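# Observations on the model geometry
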Amino acid sequence: MHVTDILQGSALEKEDLFLASVNTCSMCVFLNAAGSKESGSSDVYLIDKECVLGTLTLKTMTFAQRSDNRGVVRGIDVPVLTDLGNDSNVQFLDQTDEDDPNASLFETQAFALGNAVSSSIVDSTVSSIYADSNAMTLLGMLLNLGGDSAGSTQDLYCRIVQKPLTEAPFNTFRGGSYGDMFVSVLQSDGFLCLGLYRRFQPQADSPLRRYVITSPRYEFRLKSDDLIFVLLPSPAEPEMSTIW
């Protein structure tokens, strides 16, 4: 049974965050208040003012070590997820990263680390499900790694693995395009490629500095040392220890 406690206060005030013992939480979520004055502003940079300020306030805090050793001491170590109404405001969440200010949300460090989510993601997901009912099955498999997500009488399980580009059936696409590989292995083997794990090789002319590249464009070129994140069908429910 889950117990919900509601404390009066503001996430912008350090005293209230201390009172909530936010340093002991599994995840601190800053939600964008749809009815707030800022959310109705015509200035897109003000839409997420309170969420961004709350996130930055928490990062500057220092907590006393508890007698039971629970929680963290530095606010920057508290796991945070910030809800953004405008994608471009992700640039204000961390002033120390090296992201290109013009990079899309999906190419930023905050999104790659799971520290930021945008309402546009939810909107696009709902639109995809409306246009294609199979998207709900796929989403259920990604979230639950199987189960009766689409009302089917048969459970469909899956597992996410990393496959090297040197291994069949991927080895024929070294130096080729991600799109050709995606289509081929899906049609021939039923493997759904989710993205790439690429070595960190900084380049001055590239805004992409992520280890994980999710759903690359069709013509994206593959390198011989790339690892592929693949969703594989599984006849039985996978053990949690073998998923990753």
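The next subject is the overall build of the chain. From N to C terminus, the chain includes six helices and seven strands. Going from the N terminus to the C terminus, the chain shows its helices and strands as α-β-α-β-α-β-α-α-β-α-β-β-β. For the chain, with 244 residues in total, the buried portion stands at 30%. Taking contacts inside the chain between residues at least 6 apart in sequence as the whole, the part at least 24 apart equals 61%. Accessible surface, the chain as shown: approximately 15400 Å² in total, 54% of it carbon and sulfur.

Relative to the helices and strands, Phe18 is located in helix α1 (residues 14-19). Phe18 sits in the partly exposed class, given a relative accessible area of 39%. Spatially, the C-alpha atoms of Phe18 and Leu58 are 9.7 Å apart, while their sequence positions differ by 40 residues. The contact partners of Phe18, leaving out residues within four places of it in the chain, are Met61, Thr62 and Phe63.

Along the polypeptide, Thr57 turns up in helix α2 (residues 49-59). Judged by its relative accessible area of 16%, Thr57 falls in the buried class. A polar side-chain atom of Thr57 sits 2.7 Å from the main-chain carbonyl oxygen of Leu53. Excluding its chain neighbours within four sequence positions, the residues that come into contact with Thr57 are Leu12, Lys14 and Leu17.

Attention now moves to the nonpolar core. Judged by nonpolar contacts, the single largest core of 16 residues is most densely connected at Phe170, Tyr178, Met181, Cys193, Leu222, Ile228 and Val230. Mapped onto this core, the elements with two or more residues apiece are α6 (178-189), β5 (192-197) and β7 (227-234). Not counting chain neighbours up to four residues away, the residues in contact with Tyr178 comprise Cys193, Leu194, Gly195, Leu196, Pro216, Arg217, Tyr218, Phe220 and Leu222.

The peptide bond linking Ala168 to Pro169 adopts the cis configuration, its omega dihedral lying at 5°. One non-glycine residue, Ser21, lies in the positive phi region at around 50°. Inspection of the secondary structure assignment puts Ser21 in the loop between α1 and β1 (28-30). Although it is not a glycine, Asn69 sits at a positive phi angle of roughly 60°. By relative accessible area, which is 56% here, Asn69 ends up exposed.

Another point: α2. The complete set of buried residues in α2 reads Cys51, Val52, Gly54, Thr55, Thr57 and Leu58. Where α2 is buried, its residues touch α1, β1 and β2 (80-84).

On to a nonpolar patch on the surface. Taken together, the side chains of Met27, Val29 and Leu31 present a nonpolar region at the surface, about 290 Å² in accessible area. For Leu31, the position within the fold is in the loop between β1 and α2. Residue classification places Leu31 among the exposed residues on the basis of a relative accessible area of 64%.

This part is about the sheet that holds β1. Ordered in space as β1-β2-β3, the three strands form an open sheet in which the pairing is parallel. Two strands bound the open sheet, and with one partner strand each, they are β1 and β3 (116-118). Each adjacent strand pair in this sheet contributes to an overall mean axis angle of 20°, direction not counted. Pairing between β1 and β2: three bridges, direction parallel. Bridged to Cys28 within β2 is Val80. Lying on the sheet, α2 is in contact with β1 and β2; it crosses β2 at an angle near 165°.

The subject of this paragraph is the pattern of salt bridges. Evaluated as defined, the whole model comprises five salt bridges. The closest approach of N and O atoms between Arg74 and Asp77, which form a salt bridge, is 3.0 Å.

Parameters and conventions
Residues numbered from 1 in each chain as written. Predicted model: local features only at pLDDT ≥ 70, side-chain atom pairs only at ≥ 80, totals over all residues. Heavy atoms only, no water. Helix = DSSP H or I, 4+ residues; strand = E, 2+ residues; numbered from the N terminus. Buried < 20%, exposed > 50% of the residue type's maximum accessible area, 1.4 Å probe, protein only. Contact = heavy atoms within 4.5 Å. Areas by Shrake-Rupley, 256 points an atom, 1.4 Å probe, with all protein chains shown as cover. Polar contact = N/O pair within 3.5 Å; in protein donor to acceptor, adjacent residues only side chain to side chain. Core = buried A, V, L, I, M, F, W, Y, C linked by side-chain atoms within 4.5 Å. Patch = residues over 30% accessible without salt bridge, like charges linked within 9 Å, V, L, I, M, F, W, Y side chains within 5 Å. Salt bridge = Lys/Arg side-chain N within 4 Å of Asp/Glu carboxyl O. Pairing = 2+ DSSP bridges. Axes fitted to C-alpha atoms, helices over the stretch in contact; angles between N-to-C directions.

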